[in-house]
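The lines below spell out each chain.
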Amino acid sequence: MAQPAIAVQDLRKSYDGNTALGGISFEVAEGEVFGLLGPNGAGKTTTVEILEGYRTRDAGDVTVLGFDPGEAPRAFRERIGVVLQQSELVSNLTVRELLRIFAGYYSQRRDVDEVLDLVGLADKKNARIKTLSGGQRRRVDLAVALVGDPDLVFLDEPTTGFDPAARRTAWDMIRSLRSLGKTILLTTHYLDEAQQLADRVAVIRSGAIVRLGTPEELIGAGGPVEIRFRRNGEPIVIETEEPTRALHELTSQALADGRELEQLEVRRPTLEDVYLELVQEEEGEG
Amino acid sequence: MRLVVHQLGAEQRMFWRSREAAIFIFIFPLLLYSLLSSVYSQDITVNGAKVASADFLLAGLFGYGAANTAFAGLAIILVGRRETGTLKRLRATPLPPATYIVAVILSTLVVFAIQAVALLVLGSALFGASMPANVLGFAGAIVLGVVCFAGMGIGAAALIRSADGASAVVNVVLLPMAFLSGSFGPRTDLPRFLKAVADVLPLTYFLDIVNGVYLHGESLFSDLRAVAIVAAWGVAGVVVALRRFSWMPNE
Ligand SMILES: Nc1ncnc2c1ncn2[C@@H]1O[C@H](COP(=O)(O)OP(=O)(O)O)[C@@H](O)[C@H]1O
Ligand SMILES: [Mg+2]
């Protein structure tokens, strides 16, 4: 197999003695969309900014596109695109002017108008950036990250604060990036976002990766199926590893008794259930 | 080199597009010059010699303009860009940091050079001010002033924590310095204690240099001690910047 785009081995980082990352390991393959999913303060931004070359690490081996991001040489910066969690692009320049300035920094770049099309800002290209809405500025952010035609794109909570419609548009954009063959490392605290976009997800909590796999694998590892119904208005929940057998027994019994299983429902745990369970474990410990 | 030119173009575009920058950095010293020259019309006595007030003030406002553009203006711009995350973003692009800083200083130089020419045009047209006695030395003073005050500006940017306070902080430094150094009037009647302060300020020595080349046709380097003191301040700023300047916003 080809060399992974990102390889992280036992990465550790603490701030003034407080551990932010307690030794995490993962790999991201070329062309993969990898999601780092976790609540606020889990260590997502710390991880991403170490990989981008902004922060130093205390220990661990990190390779990004074959480089050590701690040294962040120019050849490395030619090939990454960065959308920061926080950034306020306030500028008197127009969208197009700003993109042309950033495009000039790269030896290999994408056509500015093409990038504007991709992020859906073609009709705003001559607007001053300071007149744009928050969501539109976030798209300018993404456009700036893409104008150098990066192989690897970092997106730190790209849709936090978006309304549902804007989030869906952003998802479509990220999917089209994927279809261009870009490797994407995405952080989010929205589970549906990870589920929708990521090929593989690492659930991170208090600086440790507590689950890692495809969204299906995470659900598969999520324990028993639930069968719910009501009897005389009382809710009844049965958890079972053998749903076929349990259902057969329940329904034959009900038919024999001439009863209806009111509001019968068979539920596989969603990623959300798995995730909430993981986060609750944390609260239970804390 | 291509990148320096590219970034210089970008900086110029951003500067002139921003109304606040264009007014406070470019227009304000010109306005102040016109105002002061209208008020003081008599000759001013400096070290026993009489100097036309329009000439004296032109040199004074030239010095103030250099400090305002390269020290105050640059510090405010850099702190603003740091706190909005613009510098952080630039750091992830292939643009080398040194290229960026050089382009930013060159852009400041362009702005101040235009301002200096505007001062001369305004002064001679409206107030009968003289043209520089040593033109080459005058041009050299533009470069010397911008480079040294830019060093101090970058040093100041490294020390200022928040964008909100940046403009207040630099002006609290700049305005008293300009008064004490004699940008707005002769510094002869300062009390002893303020005189002692004036004697260490870079603008004091920069104004001596400007007066030398502008009025007396001296060479830029005729007073090496003054050049050395101005340069030392610039170097001090750069040293502070090298130790303390951060590209990341304060969280
Ligand atoms: N610059 C910093 N200085 C001190 N502590 C920090 C800093 N950045 C993050 N932390 C701490 O490290 C932990 C992880 O933070 P972060 O990586 O920002 O998490 P996330 O992005 O998942 O919300 C938090 O407890 C946070 O308070
Ligand atoms: Mg974060």
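Residues numbered from 1 in each chain as written. Chains lettered and ligands numbered in written order. Predicted model: local features only at pLDDT ≥ 70, side-chain atom pairs only at ≥ 80, totals over all residues. Heavy atoms only, no water.

(A) Local environment of the sheet that holds strand 11 (residues 234-240) of chain A. Residue and element names in this part refer to chain A. Here 3 strands make up an open sheet; going across it, the order is 11-10-12 and the pairing antiparallel. Taken across any chain shown, the strands that pair with only one partner, and hence form the sheet edges, are strand 11 and strand 12 (262-267). Across this sheet, the average inter-strand angle for adjacent strands is 15°, counted without regard to direction. The pairing of strand 10 (residues 225-231) with strand 12 spans 4 bridges and is antiparallel. Pairing of E226 across the sheet is with R267, part of strand 12. Running over the sheet, helix 9 (residues 243-257) touches strand 10, strand 11 and strand 12 and is turned about 15° from strand 10. (Pairing = 2+ DSSP bridges. Helix = DSSP H or I, 4+ residues; strand = E, 2+ residues; numbered from the N terminus. Axes fitted to C-alpha atoms, helices over the stretch in contact; angles between N-to-C directions. Contact = heavy atoms within 4.5 Å.)

(B) Examining the sheet that holds strand 1 (residues 6-15) of chain A more closely. All names here are of chain A. Pairing is antiparallel in the open sheet, where 3 strands are placed in the order 2-1-4. In this open sheet, the two edge strands, each paired with only one partner strand, are strand 2 (18-28) and strand 4 (59-64). Neighbour to neighbour, the strand axes of the sheet diverge by 25° on average, direction disregarded. Strand direction decides the pairing type here: strand 1 and strand 2, joined by 8 bridges, are antiparallel. Bridge pairing in strand 2 places V8 opposite F26.

(C) Focus on the confidence of the model for chain A. Per-residue confidence for chain A gives a mean pLDDT of 90, with 96% of residues at or over 70. Mean pLDDT in chain A bottoms out at helix 10 (residues 271-285) of chain A, which sits at 67, and peaks at strand 1 of chain A, which reaches 98. (pLDDT = per-residue confidence, 0-100.)

(D) Region of the structure containing the site of ligand 1. Residues and elements named next belong to chain A. Near ligand 1, the surroundings consist of Y15, A20, P39, N40, G41, A42, G43, K44, T45, T46 and R55. Interatomic distance of 3.0 Å between a backbone N/O atom of G43 and an oxygen atom of ligand 1. Contact with the protein chains removes 61% of the 560 Å² of surface that ligand 1 exposes when unbound. Ranked by residue count, the leading element in the shell around ligand 1 is helix 1 (residues 44-52), at 3 residues. (Near = heavy atom within 4 Å. Polar contact = N/O pair within 3.5 Å; in protein donor to acceptor, adjacent residues only side chain to side chain. Areas by Shrake-Rupley, 256 points an atom, 1.4 Å probe, with all protein chains shown as cover.)

(E) Layout of the interface of chain A and chain B. Between chain A and chain B, the contact holds 28 residues from the first and 23 residues from the second. Of the roughly 2,300 Å² buried at the junction of chain A and chain B (both faces included), carbon and sulfur atoms supply 56%. Together, Y54, R77 and Y105 of chain A form the three largest contributors to the area buried by chain A at its contact with chain B, with a combined 30%. Along the contact surface separating chain A from chain B lie 4 salt bridges. Our count for the chain A to chain B interface comes out at 12 residue pairs in polar contact (both at pLDDT 80 or more). Of all elements in the fold, only helix 2 (74-77), strand 5 (80-83), helix 3 (95-103) and helix 5 (134-146) of chain A reach the threshold of two or more residues within the side of chain A that touches chain B. Among the elements that make up the side of chain A that touches chain B, the one with the highest residue count is helix 3 of chain A (4 residues). Here the residues of the side of chain A that touches chain B sort into 13 nonpolar, 4 polar and 11 charged. (Buried area = accessible area lost by both parts, 1.4 Å probe. Salt bridge = Lys/Arg side-chain N within 4 Å of Asp/Glu carboxyl O. Nonpolar A, V, L, I, M, F, W, Y, C, P; charged D, E, K, R; others polar.)

(F) Region of interest: the pairing of strand 1 of chain A. Residue and element names in this part refer to chain A. Taken together, the 5 bridges between strand 1 and strand 4 define a ladder with antiparallel strand orientation. Note on strand 4: the bridge partner recorded for A7 is T63. The turn linking strand 1 back onto strand 2 is made up of 2 residues, and D16 within it adopts a positive phi angle of 45°.

(G) Geometry of empty space enclosed by the protein. The final tally for this structure, using the stated rule, is 2 cavities of 30 Å³ or more. Its boundaries defined by the atoms lining it, the largest cavity holds a volume of some 120 Å³. Every residue lining the largest cavity is listed: V83, R138, R139, L142, L155, P158, F162, A170, M173 and I174 of chain A. Elements that contribute at least two residues to the lining of the largest cavity include exactly helix 5 and helix 6 (164-179) of chain A. Lining the second largest cavity we find I80, G81, V82, F102, Y106, V144 and A145 of chain A together with R89, A92 and T93 of chain B. Looking at the lining of the second largest cavity, the elements that each hand over two or more residues are strand 5 and helix 5 of chain A. Looking at the lining of the second largest cavity, the element that brings in the most residues is strand 5 of chain A, giving 3 residues. Residues that form the lining of the second largest cavity fall into these classes: 7 nonpolar, 2 polar and 1 charged. (1 Å grid on protein atoms, 1.4 Å probe; cavity = no way out; pocket = protein on both sides within 12 Å on 5 of 7 lines; lining within 4 Å. Points joined across faces, edges and corners; volume = space filled by probe spheres on them.)

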